[in-house]
Amino acid sequence: MANPLQQNESELQIEIQDLPPLGSKESAISIALESSPPPLIGLKTLPSEIMAPEIQLLEGQNFGNLVYKRAVGIDVHSDSMVVCLLTLLPGDCLQDEFYQSNCNDQSLDLLVKKIEEYCPQIICLESTGIYWQHLYDKLDTVRRALKEAGKEWFHIHVVNARDYKQRLGSKTDRNDSLNLARFALFKDTSPSFIPCLDVRESRVVHRALVSNIKSRQQLKNRLHKVFKQVGINVDHVFSKTQGEASCILIMEALRTGNDPDKLQRLNSHIEIMREQYGLKADTDAIAAALRNSATSTYAYLINLIYEQIADISGTCDMLFERLKKQVMSWGSRELDLLQTIPGIGEQTAIRLLAELGTDLSNFSSVAKFCKWLGLVPGNCISANKHKKVGTGHGNRYVRSLLIEAAQGASRTKGSYVAKRAQKIKEKRGCMRGVVATAHYLARVIYAILRDKTPYEEPGEDVLVKHRLRRAQHSIRSLTQCGVEVHGSLSLFDKTSGEVMSLSARGLSSMPLDTPEVPATPEAPATPEAPATPEAPATPEAPATPEAPATARRKSKASAKVKTKRKGRRRTHAHINELKVPDVSYKPAGTNGPPK
């Protein structure tokens, strides 16, 4: 029998040669053994002369927790893929096969074909940058075809590499792929959220739109710096420095310079623009803001930046129209539902659906969804001590959209979201209130996309409850400080017409028609006592000598208010000297009604 390695290459089914180092451009898909360097083979029929894959006997391991019996681990690089096919055999042993492939389209097709022939139950793919996406699209196409045909299909988990690193000192590409396959066998993975193909394509368009928006903002910031360099200060006369009216007047001012004849023509031009665009600033203020000392070089730079901003703005418009058509093709119903939320308009709803899609069933709970967005504060507890932890990282595209929507919703008058945001701002601060409102919007979005129902405004007024609770707490703190408030405060609700009483015990409702208390009869006037003779004036005591300055400072320091912290409450030693207007009080420790 002739050696197949000596035959013509066109007649060979499999080509065998030494494998170059992993990651080189000359490497093709190969099988690797633990004991020797992996040879390079094709993805066709394996000859009988090739050694069988290595079989590892794993003693003492608990295989009762295994979920799958055939798993694939793929270590992803920019120019190569290292694959491990791991199979559980009878007798508690694992068989592993290692392959290596280039990242070009033809090699990946051969790799996907080999994986399909292996019939895995789960594939664990490392998420390295964007290099995993091309292979994932090919594997997802095969998976959907098998699922539609009613055949046995496989799961694809894209995992973060930082959670599955090999231990220090034994990290190789083969060990990484083997490690991923072992985690996949036990289903001990945390897969990333990968939406369907339509949503992935919309994501690409949306992220290109975000990139162009950032580039346009960078150009606007650069234009503002050039304005400051030549003395153009139009921030206080134009509400939008990149608007149409401001661009026309600025370019006219750059062509005018300091020529008196041209300045007169510029003033007349300003009058026309004020009437046409409704500019609020007067003509003299606009003319003074446009006075500049720009040379031809600065004028050229400003004109160039304006052209770049116009080009990028046109690109953003085209990308958004493309994104809108894609989202409307598969999520028109959800688009209408999201617009019922305060603070979310059409553009924000389209961009949210482009990132999230319409199916959030990958998240088992709303808490995990908010954690994925990076809107939930973390926990750091050690020895029963709670440390401050931020919200952590998340999907920055959806997070930024929700932060913008929260800022808009907090300005919506009369809505529950605005009142809730104001309550948190008063309690925790402005920025915490914005992030908490974004967290609330994320929970609402999850419920809407899960139940396919519109947003309903809650009926309770959280802001009124919060402020009444603060007033009740203030009354209690007065009691603890030694001031006793007798009676209660009468409150009238303008919306419901209800009369309520607020005291240290709480809030209670009062009937509208309370019976009038009969007036008590006045006591008879007592006869005036005869005037007592005035006592003789006592001689004045001699004036005491004035204390030195140091003694006066010490006496003032000792007379200052001494506060004792206990949590957030403060007790004042000089509370007996307070004069509370229109409030009857008595010092602590005394009995009887106030005088």
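One numbering rule holds for all chains: residues counted from 1, following each sequence as written. Note on the predicted model: pLDDT of at least 70 is required for a residue's local features to be given, and 80 or more for side-chain atom pairs to be given and counted; whole-chain, interface and lining totals, by contrast, use all residues. As a rule here, side-chain values cover all heavy atoms of the structure and leave hydrogens and water aside.

**Considerations on a positive patch on the surface**
Excluding any residue in a salt bridge, patches collect residues exceeding 30% relative accessible area, merging like charges within 9 Å and nonpolar Val, Leu, Ile, Met, Phe, Trp and Tyr side chains within 5 Å. Accessible surface area values rest on a Shrake-Rupley calculation with a 1.4 Å probe, where residue burial reflects the displayed protein chains alone. Note on definitions: salt bridges are taken to be side-chain nitrogens of Lys or Arg within 4 Å of carboxyl oxygens of Asp or Glu. Positive: Lys, Arg. Negative: Asp, Glu. His and the chain ends are not part of the count. Charged groups are reduced to one reference atom each: NZ for lysine, CZ for arginine, CG for aspartic acid, CD for glutamic acid. Taken together, the side chains of Lys 388, Lys 427, Arg 428, Arg 432 and Arg 469 make up a positively charged region of the molecular surface. Each residue is placed in one exposure class: buried if its accessible area under a 1.4 Å probe, protein chains only, is under 20% of its type's maximum, exposed if it is over 50%, and partly exposed if it falls in between. Lys 388 sits in the exposed class, given a relative accessible area of 83%.

**Things to note about the pattern of salt bridges**
Going through the model one piece at a time under the given rule, you end up with 16 salt bridges. In this structure, Glu 355 and Arg 207 form a salt bridge, with 3.0 Å as the shortest nitrogen-oxygen distance. Linking Glu 355 in helix α9 (residues 346–356) with Arg 207 in helix α4 (residues 197–230), this pair joins segments that are 148 residues apart in sequence. Exposure remark for Glu 355: the relative accessible area of 0% places this residue in the buried category. In this structure, Arg 274 engages Glu 271 in a salt bridge whose closest nitrogen and oxygen atoms are separated by 3.9 Å. Taken as a pair, Arg 274 and Glu 271 lie in helix α6 (residues 260–277) at a separation of three residues, close to a single helical turn. The exposure class assigned to Arg 274 is partly exposed, which follows from its relative accessible area of 23%. When salt bridges that share partners are traced, they join Asp 137, Asp 140, Arg 143, Arg 144 and Arg 200 into one network. Note on conventions: DSSP H or I runs of at least 4 residues are helices, E runs of at least 2 residues are strands, and numbering of each starts at the N terminus.

**Observations concerning the confidence of the model for the protein chain**
Confidence in the prediction for the protein chain averages 75 pLDDT; 69% of positions are at 70 or higher. Across the protein chain, α9 holds the top mean pLDDT of 95, while strand β12 (residues 563–566) sits lowest at 40. Contacts of residues 1–60 to residues separated by more than four positions or lying in other chains number 110 contacts, the stretch itself having pLDDT below 50. For every residue, the predictor assigns a confidence score, pLDDT, that lies between 0 and 100. Contacts are assigned to residue pairs that have any heavy atoms within 4.5 Å of one another. Segment residues 514–519: pLDDT under 50, and zero contacts once partners within four positions in sequence are set aside and those in other chains are kept.

**Description of the pairing of strand β3 (residues 80–89)**
Walk down a regular strand and you will see the side chains alternate between the two sheet faces. Burial analysis of β3 places nine of its ten residues in the buried class, which makes it a mostly covered element. For two strands to be treated as a pair, DSSP must find no fewer than two bridges joining them. In the sheet, strand β2 (residues 70–76) pairs with β3 via seven bridges, with the strands oriented antiparallel. Its bridge partner lying in β3, Ile 74 is registered against Val 83. Hairpin connection between β2 and β3: a loop of three residues separates the two successive antiparallel strands. Pairing between β3 and strand β4 (residues 93–102): ten bridges, direction antiparallel. Note that in β4 the partner of Thr 87 across the bridge is Gln 95. Counting the residues that bridge the hairpin from β3 to β4 gives three residues, and of these Gly 91 lies at a positive phi of roughly 95°.

**So, the packing of aromatic side chains**
Classification of ring pairs rests on two measures: the distance between centres of Phe, Tyr or Trp rings, Trp counted by its six-membered ring, which must be within 6.5 Å, and the angle between planes, read as stacked under 30 degrees, edge-to-face over 60 and tilted in between. Taken as a whole, this structure holds nine aromatic pairs when the rule is applied. Each ring, one from Phe 193 and one from Phe 363, has its centre 5.0 Å from the other, and the planes form 45°; the classification is tilted. Of this pair, Phe 193 sits in the loop between α3 (173–185) and α4 while Phe 363 sits in the loop between α9 and α10 (366–373), placing them 170 residues apart in sequence. Across the pair, exposure class does not vary: Phe 193 and Phe 363 are buried alike. Judged by centre distance (5.3 Å) and plane angle (85°), the rings of Phe 193 and Trp 372 are edge-to-face. Taken as a pair, Phe 193 in the loop between α3 and α4 and Trp 372 in helix α10 lie far apart in primary sequence, 179 residues in all. By relative accessible area, Phe 193 is classed as buried at 8%. Judged by relative accessible area, Trp 372 falls into the partly exposed class, the value being 23%. Grouping aromatic residues by their ring pairs yields a cluster made of Phe 193, Phe 363, Phe 369, Trp 372 and Tyr 446. Arg 174 extends its terminal NZ or CZ atom over the ring of Phe 98, reaching a point 4.6 Å from the ring centre. Only Lys NZ and Arg CZ are tested; either one counts as a charge over a ring when it is within 6 Å of the ring centre and within 35 degrees of the ring normal.

**Some points on helix α1 (residues 105–118)**
A helix's residues, less one, multiplied by 1.5 Å, set its expected span. Taking 1.5 Å of rise per residue, the 14 residues of α1 would be expected to cover 20 Å, and the 20 Å separating its terminal C-alpha atoms lies within 8% of that figure. Looking one or two places after α1, you find Cys 119, whose phi comes out positive at around 55°.

**Some words on the nonpolar core**
Among buried residues, the Ala, Val, Leu, Ile, Met, Phe, Trp, Tyr and Cys ones that are joined through side-chain atoms within 4.5 Å form a nonpolar core. Counting 78 residues, the largest nonpolar core has Ile 286, Leu 290, Ile 341, Leu 402 and Ile 445 as the members making the most contacts within it. Element by element, the count of residues in this core is highest for helix α8 (residues 296–338), at 14 residues. Setting aside residues up to four positions removed in sequence, Leu 402 forms contacts with Leu 352, Leu 373, Leu 375, Ala 438, Leu 441, Ala 442 and Ile 445. Counting residues in hydrophobic clusters, the runner-up holds 24 residues, among them Tyr 118, Val 142, Ile 156 and Val 158.

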